Structure formats: structure tokens, C-alpha cells
Amino acid sequence: MICTNVEFYGKSYIVYDSLNQYVVEGRNIDYLQSVASISKIMTAIVVIENSRLDKKITVDETINKAYGSCVYIHIKDQITIQDLLYGLMLRSGNDCALMLAKSVGGSVDRFVEMMNEKAQEIGCKDTHFVNANGLHDEQHYTTAHDMARIGAAVYQKEAFRTISQSLSHTIPVTNLVNEERTFQQKHKMLWPQNDNYYEYCKGGKTGYTDQARTTLVTMADNGDMQLVAVVLYDFGNDAYIDTRAMFDYAY
């Protein structure tokens with residue numbers, strides 16, 4: 001336990017100093033687990049490092065394989081990489097993940113290889129991705145420790161910080177869709193009117209599958225210390241309670 005008067009609900013958790021790259025505290029930090037849509041943080045860092053965000057792409061049949069959480073982009077839609085990244089991070093769009101992977105990697109399979117190569121470059125020890133969206137697969141796994149490393153690396157990207165902290169985003173009218181599409185941020189610690197609001201929160205990513213349960217990655221910065229908190233196999237709102245407790249302890 002981080003502190004004796006707090007009960008933690010997640011199977012694994014970690015709070016990690018981003019700049020100095022050390023573990024402040026954690027439990028089961030190297031336990032291999034399915035992690036759901038927080039995998040999209042790795043998708044984002046590979047896209048940001050390998051593509052212009054203002055590049056406009058044409059949506060193709062790749063999105064026919066998308067299911068679950070989607071932004072509902074359409075074949076022949078012409079849309080920017082940046083708009084797809086907002087859809088990926090705020091709405092957790094699996095269709096956005098597929099189109100980003102196809103556009104940046106040339107194929108989804110090659111993009112997944114790039115994700116694994118980047119994981120090794122960052123220093124991940126126990127991570128293996130098989131898709132760009134985090135949908136469950138027995139061979140798609142990582143650990144709280146590795147997700148903290150990934151979160152620390154992506155937080156250094158200005159484009160990620162801008163996107164991740166946004167409360168909403170609007171995709172403008174396209175060649176195919178004659179009305180704007182607006183979606184909101186899912187991470188509750190960013191919303192001032194939400195009971196889970198945390199003043200130092202600088203973004204992150206939510207996740208859920210039946211196998212992974214609730215997963216959450218959160219970045220925080222109080223001006224003196226940059227932190228990444230990761231909770232895995234948690235339960236709904238308990239993920240935010242655990243995250244707040246870790247930040248309060250570290251600060």
C-alpha cells in the first residue's frame with residue numbers, strides 16, 4: 001500500500017517521475033496484463049513522430065474492421081491526421097486508430113511493428129502490441145511500469161500535451177460530411193465540474209475491456225514535478241480514486 005489509511009482497488013498501480021525516470025511507488029508494476037485503450041498512447045506517439053499532423057488522408061476500407069468505440073468516419077472522408085489523433089485520444093476511436101495505423105505505417109501490421117520498436121527504444125521490458133487500438137488479444141499486453149515509461153515519453157511531445165488536455169474537439173465539414181462532428185474528453189480528472197477533477201492533471205487516456213477491466217493513465221504537473229500514474233485492472237470510478245491518492249502521496 002502507498003499509505004496505511006487508503007485502500008487501493010487496482011490490481012497494479014504505479015506513480016512515476018517522468019523527468020527523472022524513477023518509480024515513486026507502486027504495486028505489481030511488472031505484472032503482465034491486457035490494458036485496453038490506454039494502448040492508444042503508444043499509437044499516438046508513433047503517429048506524432050512519423051507524420052505531419054496537417055496531412056490530409058482519404059479514409060479507405062481499412063475502417064470496415066473497426067468496432068467498439070468509434071468516431072464514425074466514412075470511406076472517402078478526407079480528414080487530417082490531427083483530427084484523427086483527437087478522435088483517437090478524446091473519443092477513443094477505434095476507427096481513428098486503424099486509419100492512423102494504415103496511413104502512417106503503410107499497413108496496420110507494419111504500424112504495429114513500429115509500436116513495438118518504439119516500445120523497445122523507450123526502454124519497455126515486458127510489452128508486446130498486436131494492434132493499434134487495444135482491443136483484447138492474448139498476445140497484446142504490457143505492465144504498469146512500461147505504460148508509465150510510455151506515458152513519460154509521449155508527455156514530452158507538445159502535440160500530445162495539446163491534444164490530451166483538450167476537453168472537446170470538432171472535426172470540421174469534410175468533402176463527404178456536411179456537418180461538424182464534435183466529441184468530448186473522457187478523462188474525468190480534466191473536467192472542473194466533475195467530482196474527480198484534479199488541478200494538476202495534464203491529460204491521459206482511459207481504457208476498458210471485459211478482460212482488462214478499467215485502465216487509466218494520467219499525467220500531472222504541479223510546476224515542480226511531472227508525474228505519470230497508471231492503474232490497471234481497476235473498477236470504474238475507483239481508478240480515479242486510486243490515481244488521486246497516488247498523486248497526493250507523491251506531491
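Visitor: Is there a simple way to explain the packing of helix 1 (residues 40–50) against helix 2 (residues 81–89) in this structure?
Guide: Each packed pair of helices is defined by two parameters, the angle between the axes and the distance between the axes. At a minimum axis separation of 10 Å, helix 1 and helix 2 run at an interaxial angle of 165°. One element, helix 1, and the other, helix 2, form an angle in the roughly antiparallel class. In this structure, helix 1 meets helix 2 at a crossing whose hand is left-handed. Each of Lys40, Ile41, Thr43, Ala44, Val47 and Ile48 in helix 1 lies in contact with helix 2, whose residues at this interface are Ile81, Leu85, Leu88 and Met89.

Visitor: I would appreciate a short explanation of the packing of aromatic side chains in the present structure.
Guide: Each aromatic ring pair is summarised here by two numbers: the centre-to-centre distance and the angle between the ring planes. Inspection of the entire model under this criterion finds 5 aromatic pairs. Ring geometry for Phe247 versus Tyr251: centroids 6.4 Å apart, planes at 25°, classification stacked. On the accessibility criterion, Phe247 (0% relative accessible area) is buried. Every member of this aromatic cluster is reached through a ring pair, and the members are Tyr198, Tyr200, Phe247 and Tyr251. Residue placement shows Lys11 over the ring face of Tyr233; its charged tip is 4.4 Å from the ring centre. Lying across the ring of Tyr155, Arg161 places its NZ or CZ 5.7 Å from the centre.

Visitor: Looking at this structure, I do not really get the side chain of Ser12. What am I missing?
Guide: Structurally, Ser12 can be placed in strand 1 (residues 12–17). When its relative accessible area of 0% is taken as the criterion, Ser12 is described as buried. Of note is the side chain of Ser12, whose polar atom sits 3.0 Å from the backbone oxygen of Asn28.

Visitor: Sorry if this is basic, but what is going on with the packing of helix 1 against helix 4 (residues 108–122) here?
Guide: At a minimum axis separation of 10 Å, helix 1 and helix 4 run at an interaxial angle of 95°. Of the possible angle classes, the one that applies to helix 1 and helix 4 is roughly perpendicular. Counted together, Met42, Thr43, Ile45, Val46, Val47, Glu49 and Asn50 of helix 1 and Phe111, Met114, Met115, Lys118, Ala119 and Ile122 of helix 4 form the full contact between these two elements. Residues of the contact of helix 1 with helix 4, tallied by class, amount to 9 nonpolar, 2 polar and 2 charged.

Visitor: I would appreciate a short explanation of the sheet that holds strand 9 (residues 226–234) in the present structure.
Guide: Two modes of strand pairing occur in sheets, parallel and antiparallel, and in both the strands are linked by backbone hydrogen bonds. Pairing is antiparallel in the open sheet, where 5 strands are placed in the order 2-1-9-8-7. This sheet does not close on itself; its edge strands, each paired only once, are strand 2 (22–27) and strand 7 (201–209). The mean angle between the axes of side-by-side strands here comes to 10°, regardless of whether they run parallel or antiparallel. Taken together, the 6 bridges between strand 1 and strand 9 define a ladder with antiparallel strand orientation. Each residue of the ladder has a partner; that of Tyr16, found in strand 9, is Val228. Across the sheet, helix 5 (residues 144–155) lies against strand 1, strand 2, strand 7, strand 8 (213–221) and strand 9, angled at about 35° from strand 1, the strand it touches most.

Visitor: Sorry if this is basic, but what is going on with the environment of Ser18 here?
Guide: For Ser18, the location among the structural elements is in the loop between strand 1 and strand 2. Between the alpha carbons of Ser18 and Gly151 there is a distance of 8.1 Å; along the sequence they are 133 residues apart.

Visitor: It is not clear to me how the pattern of salt bridges should be interpreted in this structure. Could you clarify?
Guide: Charged atoms that come close allow side chains of opposite charge to pair. This model, assessed by the stated rule, comprises 9 salt bridges. Linking Lys118 and Glu49 is a salt bridge whose minimum nitrogen-to-oxygen distance equals 3.0 Å. With Lys118 in helix 4 and Glu49 in helix 1, this residue pair connects regions lying 69 residues apart in the sequence. Glu49 sits in the partly exposed class, given a relative accessible area of 33%. For the salt bridge of Arg181 with Asp77, the shortest nitrogen-to-oxygen distance reads 3.0 Å. Within this pair, whereas Arg181 is found in strand 6 (residues 181–184), its partner Asp77 is found in the loop between strand 3 (56–58) and strand 4 (78–80), the two being separated by 104 residues in sequence. Exposure remark for Arg181: the relative accessible area of 12% places this residue in the buried category.

Visitor: Would you mind going over the pairing of strand 9 with me for this structure?
Guide: Consecutive side chains of a regular strand alternate in pointing toward one face of the sheet and then the other. With 8 of 9 residues buried, strand 9 lies mostly within the body of the structure. What sits between the antiparallel neighbours strand 8 and strand 9 is a turn of 4 residues, in which Gly223 has the positive phi angle 95°.

About the cut-offs
Residues numbered from 1 in each chain as written. Predicted model: local features only at pLDDT ≥ 70, side-chain atom pairs only at ≥ 80, totals over all residues. Heavy atoms only, no water. Axes fitted to C-alpha atoms, helices over the stretch in contact; angles between N-to-C directions. Helix = DSSP H or I, 4+ residues; strand = E, 2+ residues; numbered from the N terminus. Parallel < 35°, antiparallel > 145°, perpendicular 65-115°, else oblique. Left-handed = near helix turned anticlockwise from the far one by under 90°. Contact = heavy atoms within 4.5 Å. Phe/Tyr/Trp six-rings, centres within 6.5 Å; stacked < 30°, edge-to-face > 60°. Buried < 20%, exposed > 50% of the residue type's maximum accessible area, 1.4 Å probe, protein only. Lys NZ or Arg CZ within 6 Å of the ring centre and 35° of its normal. Polar contact = N/O pair within 3.5 Å; in protein donor to acceptor, adjacent residues only side chain to side chain. Nonpolar A, V, L, I, M, F, W, Y, C, P; charged D, E, K, R; others polar. Pairing = 2+ DSSP bridges. Salt bridge = Lys/Arg side-chain N within 4 Å of Asp/Glu carboxyl O.

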